[in-house]
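# Structure assessment
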Amino acid sequence: MFSHVMVGAADMDEAKRFYDAVFGAMGGQPGIVDGNGRLVYMHNDGLFLVTTPINGEGACHANGGTIGFGMADPAQADAWHAAGVAAGGTTCEDPPGVRESAYGALYLAYLRDPTGNKLCALHRM
């Protein structure tokens, strides 16, 4: 359904440190910088981009928005979360763990990137 996801960043160097760490914890490669100065991450047929806003205004996060990443298992979600916190992200929501939902048991770990974008590691139990 989706071709890609792009988020804004206030500081591209800080964003690269953060996203290289969280995608590295998932087995992904460091981001590359394209000709427009955007960070590009490709992993498991997904495309994730980070950019400074093209309109010149400040980057901000979506209130109520969350971007989810599929994890192989709870250990990978924990490694993703730890890498993100170590690279300047902040934990949010409840601590990483199992949550019951209408879709069954899910292992979830939430972070905000350095700009405030909300991210979630998800493993279906």
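So, a few notes on the structure that sits alongside this text. Not measured: the values here are computed from a predicted model.

Among the structural elements, Ala102 can be located in the loop between strand 7 (97–101) and strand 8 (104–112). Along the chain, Ala102 and Asn44 lie 58 residues apart, while their C-alpha atoms are 26 Å from each other.

With that settled, consider the sheet that holds strand 4 (residues 46–51). Pairing within the open sheet is mixed, and its four strands lie in the order 1-4-3-2. With one partner strand each, in any of the chains shown, strand 1 (5–8) and strand 2 (32–33) form the two edges of the open sheet. Here strand 1 pairs with strand 4 via four bridges, running parallel. Opposite Gly8, over in strand 4, you have Thr51 as the bridge partner. On top of the sheet, helix 1 (residues 12–25) reaches strand 1, strand 3 (39–43) and strand 4; it is set at about 10° to strand 3, its chief contact.

Right, let's get into the environment of Pro53. Its place among the elements puts Pro53 in the loop between strand 4 and strand 5 (67–70). The class of Pro53 is partly exposed, set by a relative accessible area of 26%. Spatially, the C-alpha atom of Pro53 lies 8.8 Å from that of Val7, the residues being 46 residues apart in sequence. Once you skip the residues sitting within four places of it in the chain, Pro53 turns out to touch Ala9, Gly58 and Ala59.

Another aspect to go through is helix 1. If you check helix 1, its first and last C-alpha atoms are 20 Å apart, about what 14 residues at 1.5 Å a residue would give, namely 20 Å. The set of residues buried in helix 1 consists of Met12, Ala15, Phe18, Tyr19, Val22 and Phe23. Buried residues in helix 1, looked at end-on, bunch into an arc of 125°, giving them a common side. Pointing more than 90 degrees away from the buried face of helix 1 are the exposed residues Asp13 and Arg17. Measuring from the backbone nitrogen of Asp13 back to the side-chain oxygen at the start of helix 1 gives 3.0 Å, which picks out Asp11 as the cap. Two residues or fewer past helix 1, Gly27 is found with a positive phi of approximately 95°.

Our next topic: the nonpolar core. In terms of nonpolar packing, the biggest core is built from 24 residues, with Tyr19, Phe23, Phe48, Val50, Phe69 and Trp80 touching the most fellow members. Counting only elements with at least two residues in this core, the list comes to helix 1, strand 3, strand 4, strand 5, helix 2 (74–86), strand 8 and strand 9 (118–124). Of all the elements, helix 1 adds the most residues to this core, at six residues.

Not every positive phi belongs to a glycine, and Asn44 is a case in point at roughly 50°. Topologically, Asn44 is positioned in the loop between strand 3 and strand 4. Notably, Asp45 is not glycine yet its phi reads approximately 65°, a positive angle. By secondary structure assignment, the location of Asp45 is in the loop between strand 3 and strand 4.

Rules used in this analysis
- Residues numbered from 1 in each chain as written.
- Predicted model: local features only at pLDDT ≥ 70, side-chain atom pairs only at ≥ 80, totals over all residues.
- Heavy atoms only, no water.
- Helix = DSSP H or I, 4+ residues; strand = E, 2+ residues; numbered from the N terminus.
- Pairing = 2+ DSSP bridges.
- Contact = heavy atoms within 4.5 Å.
- Axes fitted to C-alpha atoms, helices over the stretch in contact; angles between N-to-C directions.
- Buried < 20%, exposed > 50% of the residue type's maximum accessible area, 1.4 Å probe, protein only.
- Expected span 1.5 Å × (residues − 1).
- Arc of directions from axis to C-beta.
- Polar contact = N/O pair within 3.5 Å; in protein donor to acceptor, adjacent residues only side chain to side chain.
- Core = buried A, V, L, I, M, F, W, Y, C linked by side-chain atoms within 4.5 Å.

No statement about biological role is implied by the geometric values presented.
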